[in-house]
Amino acid sequence: MASKQQSVGGTRNLQLTRAHKILALVPAQNACSDDSSTSDEEANAYIPPSPDTSDPPSIASSLEALNLLDTSTDSKNEQHDILITLPLTPTFDEVFPSPNTSNYNVIPTLNSIQSLPSPSVELSSPQPSTSGQQLLLTRSKRKKTTKTVVTKKVKVQKFALNYQWLKAVFRHNVSLEENLYNLHQTQIETVLDYFYFFFSPDLITDIVYNTNLYAVEQLGRSIQLTEDEIKSFLAIQIMMGIVQMPAYTDYWARKTRYPLIADLMPLKKYQQIRRYIHFVDNTLQDSDRYFKIRPLMEKIRKNFLKIEEEGKYSIDEMMIPYKGRKAGKRKQYIKMKPKKWGFKNFVRAGVSGIIYDFILYGGDDTFRGLTFSEKEATIGLGGMVVLALCQTIKKKPAIVYADNFFMSPELTYILREEYGILSLGTIRTNRLRGCQELLPTDKQLKKKKRGSSAQVVCNKNKLAVVKWNDNKVVTLISTYIDSYPLETIKRYDKDEKKKVDVECPQVVKHYNKHMGGVDLADMLISLYRTPFKSHRWYLGIFSQLVDMCINNAWLLHRRDGKKTSLKDFRFELFDGLSKSNRIGTNQNVTDDIGENLKIHKPVSVRPTDSVRFDNTGHLPEAGNETMRCKYCKSGRTSVYCIKCNVHLCFVVGKIKRNCFRNFHLK
């Protein structure tokens, strides 16, 4: 006992930290001292740590595992999951009393220590059961977590109507005359000007600037792209859509060379433009999913809105083909489309196939820059797409046709009451809002003869719902027309193997007549689709935009009374882009004369370089007198340039010389 008192007395001078005091309260568990001959009575006694002795054996305790003795600055800066609430611990004198006190000989035993309040360890997440074993929390096992702010979703009450469905006559029929909108002819003359009406020249300027800028970012130097080269590049892409080959390099290959393309631009220059063509400054990037193509797309969309509108429109999806892996969630899949993979483009088109407006689907970013009321924001994606495309309709009243992805009773009501736009379209059975109880089921309607129909109306909300049995049962909703008067149409009968008469409601006839605008535009694009296969996903969208501009230009060209096929229109557009406002390139043209034959120090006045090399209005004319050529030293001619007013010779025969051409070249 004397040795124990001496050891206790020796530790009185040690200045223990608070962590030492806490550990002092925890006894050793299943541990033995260095001396194997220690008795059981000595093993239960507590011996405080000393710097002259070795470290105590490990204790299977959660307090020990907390590594409380670590006072490094790094551990102070760490954020832990564990919130430790320490109780009030006894003072040093209470645990190790002074020798002068009566309690000096009282040494805390195991039972007395267990009676003390234990520190509570609060974990941020529930821990699995340890089956009677204490949980060891080491520094390596602690997980750093960030505080997440939990926001409660506020339930927005959906817009709903009170319906009074009846089997009655629709009292709100509206008829719009077909010639209500007198489409005036435009003052556009050439095919190239029709194309520039939609793909405006300022877009070519932007492409040139952004392409050179992108080349500087990638190469450290500009590729010196010009507007004429971009026009030639577009002309080549258009011609590739007409004359197709397995690979674009085949147009320049020796065995399959195509002169209209190969003579217009070298292969290396074409590949350089194809590699670095760009449409936006990357330093201005934002959170827009279609940032790479958005500026070009918005300018083309504004040009589409300049067309004089027809008054009856169809709204549907148009797939922009893309099967690569670089588009991420932008790429969509529509099973019923000819091109199933690609970018989903919502389009508003006229019956003629002219595209007036479009919105590219981008998830939460689809309606960038658009605003909706609280009522409009609750009718779903399809309804919001229709409202967004209808906001740009200028002439009203108008009629909009859509399929069952978009249509709902709430949408049709909003269009008529707040937008002044009538609507008609197919509708899904889960959106009938109770009128299906008054309509026969699909099985009941199929048992009747082909052409049978049923109608339910809600005159309060100006809605008419018609169910018709053809090859399959279809349900339509309208705000301006119903079933009557019924008409007869021709349908092919498989049993009789001939066309038979079938009754058809008026609402079905109107839908079939006006719904195919978007499908017509999509079909025209697919005839001579501009090829642009690339890993960069936005180049496929650029190719589609070019085709949309070409088709709109051709349809506007036909609406003005000019009869030209789409293929011939594209050929003329190729000539316009490759040759307009530039000097023609011909390999048979005579070379320039030698430097010794040129006039280097002219005496007579010459036009300035800005006039001499502008490639506009320099036409030859025969004069009344013969004078010396102002380009070469030996020529004499009566031909002069009507703009520059200088005589320039043109010699044919054994000695070929074309000073008129060479004088106007840089």
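Reading the values: rules and limits
- Residues numbered from 1 in each chain as written.
- Predicted model: local features only at pLDDT ≥ 70, side-chain atom pairs only at ≥ 80, totals over all residues.
- Heavy atoms only, no water.
- Helix = DSSP H or I, 4+ residues; strand = E, 2+ residues; numbered from the N terminus.
- Buried < 20%, exposed > 50% of the residue type's maximum accessible area, 1.4 Å probe, protein only.
- Contact = heavy atoms within 4.5 Å.
- Areas by Shrake-Rupley, 256 points an atom, 1.4 Å probe, with all protein chains shown as cover.
- Phe/Tyr/Trp six-rings, centres within 6.5 Å; stacked < 30°, edge-to-face > 60°.
- Lys NZ or Arg CZ within 6 Å of the ring centre and 35° of its normal.
- Salt bridge = Lys/Arg side-chain N within 4 Å of Asp/Glu carboxyl O.
- Pairing = 2+ DSSP bridges.
- Core = buried A, V, L, I, M, F, W, Y, C linked by side-chain atoms within 4.5 Å.
- Expected span 1.5 Å × (residues − 1).
- Axes fitted to C-alpha atoms, helices over the stretch in contact; angles between N-to-C directions.
- Parallel < 35°, antiparallel > 145°, perpendicular 65-115°, else oblique.
- Left-handed = near helix turned anticlockwise from the far one by under 90°.
- Polar contact = N/O pair within 3.5 Å; in protein donor to acceptor, adjacent residues only side chain to side chain.
- Nonpolar A, V, L, I, M, F, W, Y, C, P; charged D, E, K, R; others polar.
- pLDDT = per-residue confidence, 0-100.

### Focus on the overall build of the chain
When its secondary structure is counted, the chain shows 22 helices and 17 strands. Within the chain, the fraction of its 666 residues that count as buried is 43%. A fraction of 65% describes how many contacts in the chain between residues 6 or more apart in sequence connect residues 24 or more apart. Total accessible area computed for the chain in this model is approximately 38800 Å², and 51% of it derives from carbon and sulfur atoms.

### Things to note about the packing of aromatic side chains
Tallied over the entire structure, the rule returns 29 aromatic pairs. Both rings, one in F199 and one in F542, keep their centres 6.5 Å apart while their planes meet at 65 degrees; by these two values the pair is edge-to-face. One end of the pair, F199, is in the loop between α8 (191-198) and α9 (201-219); the other, F542, is in helix α19 (residues 537-559), and 343 residues separate them in sequence. In this structure, K331 is placed above the aromatic ring of W341, and the distance from its NZ or CZ to the ring centre is 5.1 Å. Across from the ring centre of Y313, 4.8 Å away, lies the NZ or CZ of R348, which sits over that ring.

### Topic: the side chain of N469
Its place among the elements puts N469 in strand β10 (residues 463-469). Looking at N469, the relative accessible area reads 5%, which means it is buried. If we ignore the near neighbours within four places in the chain, the residues touching N469 are L445, K446, K448, K449, R450, G451 and S452.

### Some details on the pattern of salt bridges
Using the criterion set out here, one finds 22 salt bridges in the structure. Salt-bridge contacts for D263 lead to R257; the nearest nitrogen and oxygen are separated by 2.6 Å. For R257, a relative accessible area of 40% translates into the label partly exposed. Across the pair K490 and D501 runs a salt bridge whose closest N-O atoms are separated by 2.8 Å. Here K490 is found in strand β12 (residues 487-493), whereas its partner D501 is found in strand β13 (residues 498-504), with eleven residues between them in sequence. Each member of the pair, K490 as well as D501, is classed as exposed. Linked through salt bridges whose partners overlap, the residues forming this network are D288, R294, E298, R301, D357, D365 and R368.

### What to know about the pairing of strand β11 (residues 473-478)
Within β11, five of the six residues are buried, which leaves it mostly tucked inside the rest of the structure. With three bridges joining them, strand β8 (residues 421-426) and β11 adopt antiparallel strand pairing. Looking across to β11, one finds that L424 is bridged to S478. Two elements, β10 and β11, share six bridges in a ladder whose sense is antiparallel. Residue pairing across strands places N469 opposite V473, the latter belonging to β11.

### A look at the nonpolar core
Among the nonpolar cores identified, the biggest contains 119 residues, and F199 and F542 are the most heavily contacted of them. Looking at which element gives the most residues to this core, the answer is α19, with 14 residues. The contact partners of F199, leaving out residues within four places of it in the chain, are I204, I207, L234, I300, F542, V546 and C549. L424, I481, I489 and V500 belong to the second largest nonpolar core, which has 18 residues in total.

### What to know about α19
Between the first and last C-alpha of α19 there are 34 Å, a value that for 23 residues agrees with the 33 Å anticipated at 1.5 Å per step. Among the 23 residues in α19, 21 count as buried, and that is most of the element. One or two steps after α19, the chain reaches G561, where phi turns positive at roughly 90 degrees.

### Some details on the pairing of strand β3 (residues 312-321)
Counted residue by residue, β3 has nine buried out of ten residues, so it is predominantly covered. In this structure, β3 lies alongside strand β7 (residues 398-402), joined through four bridges in parallel fashion. Considered in β7, the bridge of I315 is made with A402. Across nine bridges, β3 lies against strand β5 (residues 341-350) in antiparallel orientation. Its bridge partner being in β5, Y313 is matched across the sheet by G350.

### A word on the environment of Q544
Mapping Q544 onto the fold places it in helix α19. For Q544 and F532, which are twelve residues apart along the polypeptide, the C-alpha to C-alpha distance reads 9.3 Å. Aside from chain neighbours lying at most four places away, what touches Q544 is M318, M319, I320, P321, I525 and R529.

### Examining the packing of helix α10 (residues 227-242) against helix α20 (residues 566-579)
Between α10 and α20, whose axes approach to 8 Å, the crossing angle comes to 155 degrees. Taken together, the axes of α10 and α20 are roughly antiparallel relative to one another. The crossing of α10 and α20 is left-handed. Contacts between α10 and α20 involve K231, S232, L234, A235, I236, I238, M239 and I242 from the first element and K567, R570, F571, L573, F574, L577 and S578 from the second.

### What about the side chain of N552?
The topology assignment puts N552 in helix α19. Given the relative accessible area of 1%, N552 is considered buried. One polar contact links the side chain of N552 to the main-chain carbonyl oxygen of I355, over a distance of 2.9 Å.

### Digging into the packing of α19 against α20
Interaxial distance between α19 and α20 falls to 10 Å at its minimum, and their mutual angle equals 110 degrees. Taken together, α19 and α20 sit at an angle that is classed as roughly perpendicular. Between α19 and α20 the crossing geometry is right-handed. Between α19 and α20, the residues in contact are D547, I550, N551, A553, W554 and H557 and L566, F569, R570 and L573, respectively. Taken together, the residues that form the contact of α19 with α20 break down as six nonpolar, two polar and two charged.

### So, the environment of V174
Relative to the elements of secondary structure, V174 occurs in the loop between β2 (120-122) and α8. Of the residues examined, V174 reaches a relative accessible area of 30% and is grouped as partly exposed. Dropping the residues within four chain positions of it, V174 is found in contact with R416, L422 and Y480.

### Topic: the environment of I334
One can find I334 in the loop between β4 (332-333) and β5. On the basis of relative accessibility, which here comes to 15%, the residue I334 falls in the buried class. Along the primary structure I334 and M318 are separated by 16 residues, whereas in three dimensions their C-alpha atoms are 9.9 Å apart. Filtering out sequence-adjacent residues up to four positions away, I334 remains in contact with E317, M319, K340 and K344.

### Topic: the confidence of the model for the chain
Across the chain, the average pLDDT comes to 79, with 74% of residues at 70 or higher. Scored below 50 in pLDDT, residues 1-15 shows 14 contacts in the model against residues more than four places distant or in partner chains.

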